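What follows is each chain in one-letter form.
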Amino acid sequence: MLFIYIKRIFIGFYSLLKGFKVTFKNLLKKPVTLNYPVVKQPMKERFRGMVDLYPDKCVICYQCIKICPTAALDLGHKTLEDNKTKNITKFTFNAELCCFCGLCDEICPTEAIFLNQMYEVSYFDHKDLIKIDLMSPEKYKNVDGGTS
Ligand code: SF4
Ligand code: SF4
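What counts as what
Residues numbered from 1 in each chain as written. Chains lettered and ligands numbered in written order. Predicted model: local features only at pLDDT ≥ 70, side-chain atom pairs only at ≥ 80, totals over all residues. Heavy atoms only, no water. 1 Å grid on protein atoms, 1.4 Å probe; cavity = no way out; pocket = protein on both sides within 12 Å on 5 of 7 lines; lining within 4 Å. Points joined across faces, edges and corners; volume = space filled by probe spheres on them. Helix = DSSP H or I, 4+ residues; strand = E, 2+ residues; numbered from the N terminus. Nonpolar A, V, L, I, M, F, W, Y, C, P; charged D, E, K, R; others polar. Near = heavy atom within 4 Å. Buried < 20%, exposed > 50% of the residue type's maximum accessible area, 1.4 Å probe, protein only. Polar contact = N/O pair within 3.5 Å; in protein donor to acceptor, adjacent residues only side chain to side chain. Contact = heavy atoms within 4.5 Å. Salt bridge = Lys/Arg side-chain N within 4 Å of Asp/Glu carboxyl O.

The next thing to look at is the layout of surface pockets. The calculated volume of the largest pocket comes to roughly 260 Å³. Lining the largest pocket, in full, are Glu-45, Arg-46, Phe-47, Arg-48, Cys-101, Gly-102, Asp-105, Glu-106, Phe-114, Leu-115 and Gln-117. At the level of secondary structure, the elements contributing two or more residues to the lining of the largest pocket comprise helix H3 (103–107) and strand E4 (113–115). A class-by-class count of the residues in the lining of the largest pocket yields four nonpolar, two polar and five charged.

Listed below in structure tokens is the structure:
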């Protein structure tokens, strides 16, 4: 009986030392975790965040519209009286439909449309999610982590 009691004390003490060994081994090491959300992980260059647009670069070729497998983009334009100049009347993005495949980004001949680095995306109102105005410079202003 006494032997079992001593054995249990020994095992408990041994487990404690084993635990402390791990603690002391990592005590002065650089943490592998981040103090999120105060510190945020920078995304890799190829990360696919929200669909974004440089309106000035768009040449209204509709290639992104045609290739989008989920019809998440909606583009409209009007031709001015000179029959040459085209102006965008609407360019919206439905984040609910998007599967973040990046095909719009790949096909765009002028690099006007791209997937940005945003990964904290939440909206209070559903309608804000399904019709994001890509022409607006403040399109992601109210989104968590939004920069524009
Ligand atoms: S990332 Fe894919 S699904 Fe989303 S808008 Fe672009 S082409 Fe469409
Ligand atoms: S593919 Fe690029 S240039 Fe063509 S309509 Fe889309 S965003 Fe504009």
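The local shell around ligand 2 holds 14 residues, among which Cys-58, Cys-61, Tyr-62, Cys-64 and Cys-108 are the closest. Classifying every residue of the shell around ligand 2 by side-chain character gives 13 nonpolar, one polar and no charged.

The next point concerns the side chain of Asn-116. Positionally, Asn-116 belongs in the loop between E4 and helix H4 (126–130). On the basis of relative accessibility, which here comes to 9%, the residue Asn-116 falls in the buried class. A polar contact of 3.0 Å, which involves the side chain of Asn-116, links it to the side chain of Asp-52. When residues no more than four places from it in sequence are discounted, the contact partners of Asn-116 are Phe-47, Arg-48, Gly-49, Met-50, Asp-52 and Tyr-140.

Attention now moves to unusual backbone geometry. Of note, the amide linkage connecting Tyr-36 to Pro-37 takes the cis form, showing an omega dihedral of 5°. Position of Pro-37 among the secondary structure elements: in the loop between helix H1 (2–27) and strand E1 (51–53). At Tyr-62, a position not held by glycine, the phi torsion is positive, near 70°. Along the chain, Tyr-62 turns up in the loop between E1 and helix H2 (63–67). Even without glycine at this site, Glu-111 takes up a positive phi of about 60°. Along the chain, the position of Glu-111 falls in the loop between H3 and E4.

The full count for this structure, using the stated rule, is six salt bridges. Between Asp-74 and Lys-90 there is a salt bridge, and its shortest N-O distance comes to 3.0 Å. You can see Asp-74 sitting in strand E2 (residues 73–79) and its partner Lys-90 sitting in strand E3 (residues 86–93), a full 16 residues away along the chain. The partly exposed category is assigned to Asp-74, whose relative accessible area is 31%. Overall, Lys-90 belongs to the partly exposed group, its relative accessible area being 38%. Across the pair Glu-138 and Lys-141 runs a salt bridge, and its minimum N-O distance is 3.8 Å. The class of Lys-141 is partly exposed, set by a relative accessible area of 49%.

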